[in-house]
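Below, each chain spelled out in residue letters.
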Amino acid sequence: MRLPQFNYTGPDTLEKALDLLAAHGQDAKILAGGTDLLVRMKKGLLAPKMLISLKALKDLSYIQQDKDAIRIGARTSLADIIASGPVQKEAAALSTACEKIGAATIQHFRGTLGGNILQDNRCFHYNQSAFHRSGRQACHKDGGKICYARDESDRCNSTCQSDGAVALMALDARLVLASKGHERTVAIADFYTTDGILPFAMEPTELLKEIIIPIQGAASAYQRLAYRSAIDYPIVCAGVLLKADTGKKDTIGEARIVVGAMARSPLFLAKESAELKGKSFTDTQAFQKAGNGAMNSASTFAVHNVGATLEYRCAMVAEMVVRALNEAAGSGKN
Ligand SMILES: Cc1cc2nc3c(=O)[nH]c(=O)nc-3n(C[C@H](O)[C@H](O)[C@H](O)COP(=O)(O)OP(=O)(O)OC[C@H]3O[C@@H](n4cnc5c(N)ncnc54)[C@H](O)[C@@H]3O)c2cc1C
Ligand code: SF4
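Description of the structure in this document. Because the structure is predicted, anything quoted here is derived from the model rather than measured.

Of all residues adjacent to ligand 1, which total 33 residues, the nearest are I30, G34, T35, T112 and D163. Contacts to ligand 1 include G34, whose backbone N or O atom sits 2.7 Å from an oxygen atom. Within the side chain of T112, an N or O atom sits 2.6 Å from an oxygen atom of ligand 1. Within the complex, 93% of the 980 Å² of free accessible area of ligand 1 lies under protein. Broken down by class, the residue content of the shell around ligand 1 amounts to 14 nonpolar, 11 polar and eight charged. Each of domain 1 (1-56) and domain 2 (61-118 + 159-329) contributes no fewer than three residues to the shell around ligand 1.

Below you can see the structure in the form of structure tokens.
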């Protein structure tokens, strides 16, 4: 598989990168580590006329901690995040999620957190070579009018398989998006469109600049299931956050449960999360109930398009949620 032809540019300041995006947004793509983008280009899934590389933008690689938040530059490597003391301490779910992404080669040499959040949704009917896809009718995501993953579906049901996005949503992270002369901050939960073809609420002229994780003095955990422990995307995963009630150390004051790899975007389960408020950190029955609820909710969105059977993935939602809740509750952070 060969890369299509493209122009390449490597701006050395953020301003130059934003100027380039303003001029070429629709025709350009940001190149961070390339471990998602270049694979898709090789498969003929997209052919941008210009790649704007972040390689020279070292200023976008940082992890800073202040009183209220951890700020991570979008170009920061997964390896730096895994090694970060503040992330391990204040955002354990993200640290674990980054450890699970791909393999050491992806984490150390190429993959970035920004690229992880912005990797395209996936589907095993679509993430195939151009030759494979040429032998059958095009699906919605390929410009056609059918979906192989769900009969008679009028839309694309491709799945968000980003490990990082699920952990960050559990941590209630915010994203800073920059464009020429403008900057805005959005909650990661509002960043997903639930559209399988255009999954992010982001303009082509915008660049993801920073990820902000609030420091809440809370415990978090991440669990995932994949075929192999490395070089495999999650087929179901869960990120959770548990915060103690003010003045009542053994009682949950706030919970956030997020399930991933089951829908077009990570699923924040508001009802199941709210039901944990007021429960004890040792109430394993409440955790099981939350896991079962998460399974029922997530099952309505999932389609058979990322591996394993749909029935197995749905059943494993409860298991991943319960494991993550038990891990967070037992982490000693509450
Ligand atoms: C074998 C293999 C296994 C993998 N396993 C996993 C896995 O288990 N879990 C997982 O989550 N991912 C996995 N991945 C996907 C990918 O490696 C990671 O998500 C990685 O973190 C992507 O980062 P990147 O910097 O390489 O992104 P890139 O490929 O450079 O970019 C991805 C997308 O984001 C856009 N983009 C990147 N940065 C910015 C920015 N700052 N602003 C605007 N747009 C931007 C690009 O234009 C592109 O569309 C795997 C990939 C491979 C090849
Ligand atoms: S979910 Fe359906 S439309 Fe979307 S990529 Fe898969 S087969 Fe194509």
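Glancing now at helix α5 (residues 92-100). Looking only at α5, the buried set comprises A93, L94, S95, T96, A97 and C98. Once α5 finishes, G102 follows within two positions and takes phi at roughly 55°, a positive value.

Taken in spatial order, the three strands of this open sheet run β1-β3-β2, and their pairing is parallel. On the outer flanks of this sheet lie β1 (7-9) and β2 (28-31), each paired with one strand and no other. Looking at each pair of strands side by side, their axes are set apart by 25° on average, direction ignored. Two strands pair when backbone bridges link them, and β2 and strand β3 (residues 50-53) are joined in this way by four bridges, in the parallel orientation. The partner of I30 across the bridge, within β3, is I52. Where helix α1 (residues 14-24) meets the sheet, its contacts fall on β1, β2 and β3, and the angle it forms with β3 comes to roughly 160°.

Once that is clear, we can look at the site of ligand 2. Within the structure, ligand 2 sits among 14 residues, and C123, C139, C147, C156 and N157 are positioned closest to it. Taken together, the residues of the shell around ligand 2 break down into eight nonpolar, five polar and one charged.

Our focus in this paragraph is the pairing of strand β11 (residues 248-260). As defined by bridge partners, strand β10 (residues 236-245) adjoins β11 across nine bridges and the pair is classed as antiparallel. When the sheet's bridge partners are listed, A244 is paired in β11 with I252. From the end of β10 to the start of β11, which pair antiparallel, there are two residues, and G247 there has a positive phi angle of about 85°. Summarising the sheet, β11 and strand β12 (residues 267-268) pair through two bridges and their orientation is antiparallel.

With a phi angle near 60°, E152 is a residue other than glycine that sits in the positive phi range. By the element assignment, E152 lies in the loop between α8 (130-134) and α9 (163-170). Judged by relative accessible area, E152 falls into the exposed class, the value being 82%. Phi at T194 takes a positive value of approximately 60°, unusual for a residue other than glycine.

Reading guide: rules and limits
Residues numbered from 1 in each chain as written. Chains lettered and ligands numbered in written order. Predicted model: local features only at pLDDT ≥ 70, side-chain atom pairs only at ≥ 80, totals over all residues. Heavy atoms only, no water. Near = heavy atom within 4 Å. Polar contact = N/O pair within 3.5 Å; in protein donor to acceptor, adjacent residues only side chain to side chain. Areas by Shrake-Rupley, 256 points an atom, 1.4 Å probe, with all protein chains shown as cover. Nonpolar A, V, L, I, M, F, W, Y, C, P; charged D, E, K, R; others polar. Domains from an automatic or database assignment. Buried < 20%, exposed > 50% of the residue type's maximum accessible area, 1.4 Å probe, protein only. Helix = DSSP H or I, 4+ residues; strand = E, 2+ residues; numbered from the N terminus. Pairing = 2+ DSSP bridges. Axes fitted to C-alpha atoms, helices over the stretch in contact; angles between N-to-C directions. Contact = heavy atoms within 4.5 Å.

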